[in-house]
Every structure is written in C-alpha cells, then in structure tokens.
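Chain by chain, the residues:
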Amino acid sequence: MNGQTSHQQSKDGRHDDDAALTEFLASLMDYTPTIPDELVEHYLAKSGFQCPDIRLTRLVAVATQKFIADVATDALQQCKARQSAVVKDKRDKQQKDKRLILTMEDLSRALREYGVNVKHQEYFADSPSAGLDSVSRDE
C-alpha cells in the first residue's frame, strides 16, 4: 500500500507542477517584457532557434531580464565594496561626493561569477579622472 501512496503523491505533485507551468505559460501571453519580442527573436534566430510560439520567446525574454538584473545587482555590490574601501582611505574627501561610479572592472567581476569572462581594451576609462587634464585632476 505504501508503494501506491507514494505513486499517488508523485502523480499529484506532477499534476500540480504541470498546472503551474500551464498557468505560467498562459500568463506570458498578457505580459509585456522589458526586452522586446523582436530583439529576442532576432538573437534566437541568429543562434539557429526558431519557434512560432510567442510564449517561448517571452520566457526567454524574462530569463534574460532576470540575468541582466542579477548581473547589475552584483556589479552594484562590487562598486559599493570598492568605493567603501576608498572611503576608509580618504574619509574627509569622500564625504562630499557620494556618487557611485560603476567601472568596467565592477561589471567584469560580476559577470565572472556567472562564468562570463570579459576582456576589454585598454582605452576604456576605468577611473573617474580618466580623460581629464592634469589641472582638473588636482582639483
């Protein structure tokens, strides 16, 4: 009898999962993702994937949006950690300027956590004073 009970629970669990998935896919029809369907379709087609079901396209858009939000949040945390280390060194000067400056290094570190290695050219400005003349830097 235990075998039947566990089989029945497994079957009910699968039914609940199927119902939740069906409901979620149906809700994607009414959802307008941040990333446009056309953009997602373009990159899906570029990678060789074609599907006429708009729900699948929107599912990819939602997953992409989640990934970008996670990377942005992690990059922000990297930026805050980096700038809090600078505040300890220059406490008086930093009290005036509380802006967060996200650098390519912050973004690279955040992406590295997700297995994406970013290599950027040396000419990118990775400091707030990059591109300023020496007179402006001293101020």
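Residues numbered from 1 in each chain as written. Predicted model: local features only at pLDDT ≥ 70, side-chain atom pairs only at ≥ 80, totals over all residues. Heavy atoms only, no water.

> Is there a simple way to explain the overall build of the protein in this structure?
On a plain count of helices and strands, the protein comes out with 6 helices and 0 strands. Counting helices and strands in the order they occur from the N terminus, the protein gives α-α-α-α-α-α. Counting all 139 residues of the protein, 14% fall into the buried class. Expressed as a percentage of contacts within the protein between residues at least 6 apart in sequence, the contacts between residues at least 24 apart total 56%. For the protein, the exposed area adds up to about 11,100 Å²; of that, 54% sits on carbon and sulfur atoms. (Helix = DSSP H or I, 4+ residues; strand = E, 2+ residues; numbered from the N terminus. Buried < 20%, exposed > 50% of the residue type's maximum accessible area, 1.4 Å probe, protein only. Contact = heavy atoms within 4.5 Å. Areas by Shrake-Rupley, 256 points an atom, 1.4 Å probe, with all protein chains shown as cover.)

> When you look at the confidence of the model for the protein in this model, what are you seeing that I'm missing?
For residues with low pLDDT, the predicted coordinates do not support detailed interpretation. On average, the protein scores 79 in pLDDT, and the residues at 70 or more come to 70%. Within the protein, no element has a lower average pLDDT than helix 6 (residues 134-138), which sits at 49, and none a higher one than helix 2 (residues 37-46), at 95. Within the model, pLDDT remains below 50 along residues 4-9, and this stretch shows 0 contacts once partners closer than five positions in the same chain are excluded. (pLDDT = per-residue confidence, 0-100.)

> Any chance you could explain the pattern of salt bridges here in plain terms?
Between side chains of opposite charge, a pair can form as their charged atoms come close. Applying the stated criterion across every chain yields a total of 5 salt bridges. The salt bridge involving R109 is made with E105; its shortest N-O contact spans 3.4 Å. Of this pair, R109 and E105 both sit in helix 5 (residues 104-112), 4 residues apart, roughly one helical turn. When its relative accessible area of 34% is taken as the criterion, R109 is described as partly exposed. (Salt bridge = Lys/Arg side-chain N within 4 Å of Asp/Glu carboxyl O.)

> Would you mind going over the packing of aromatic side chains with me for this structure?
The way to describe two aromatic rings as a pair is by their centre distance and the angle between their planes. Applying the stated rule across the entire model yields 1 aromatic pair. Seen from their ring centres, F67 and Y114 are 5.5 Å apart, and the 80° between their planes marks the pair as edge-to-face. On the criterion of sequence distance, the pair formed by F67 in helix 3 (residues 54-89) and Y114 in the loop between helix 5 and helix 6 is long-range, its members being 47 residues apart. Taking the relative accessible area as the measure of exposure, F67 reaches 37% and is therefore partly exposed. (Phe/Tyr/Trp six-rings, centres within 6.5 Å; stacked < 30°, edge-to-face > 60°.)

> How should I be thinking about helix 2 in this particular structure?
Given 3.6 residues per turn, any residue in an α-helix points the same way as the ones three and four places further on. D37, V40 and L44 are the residues of helix 2 that are buried. Take helix 2 and look down its axis: the buried residues cluster within an arc of 65°, on one side only. The exposed set on the far side of helix 2, more than 90 degrees from its buried face, consists of E38 and K46. Looking at the residues trailing helix 2, positive phi occurs at G48, about 95°. (Arc of directions from axis to C-beta.)

> What's the story with the side chain of T57 in this structure? I'm lost.
Considering the arrangement of structural elements, one finds T57 in helix 3. Not counting residues up to four positions away in its chain, the partners in contact with T57 are D37, V40, E41 and C51.

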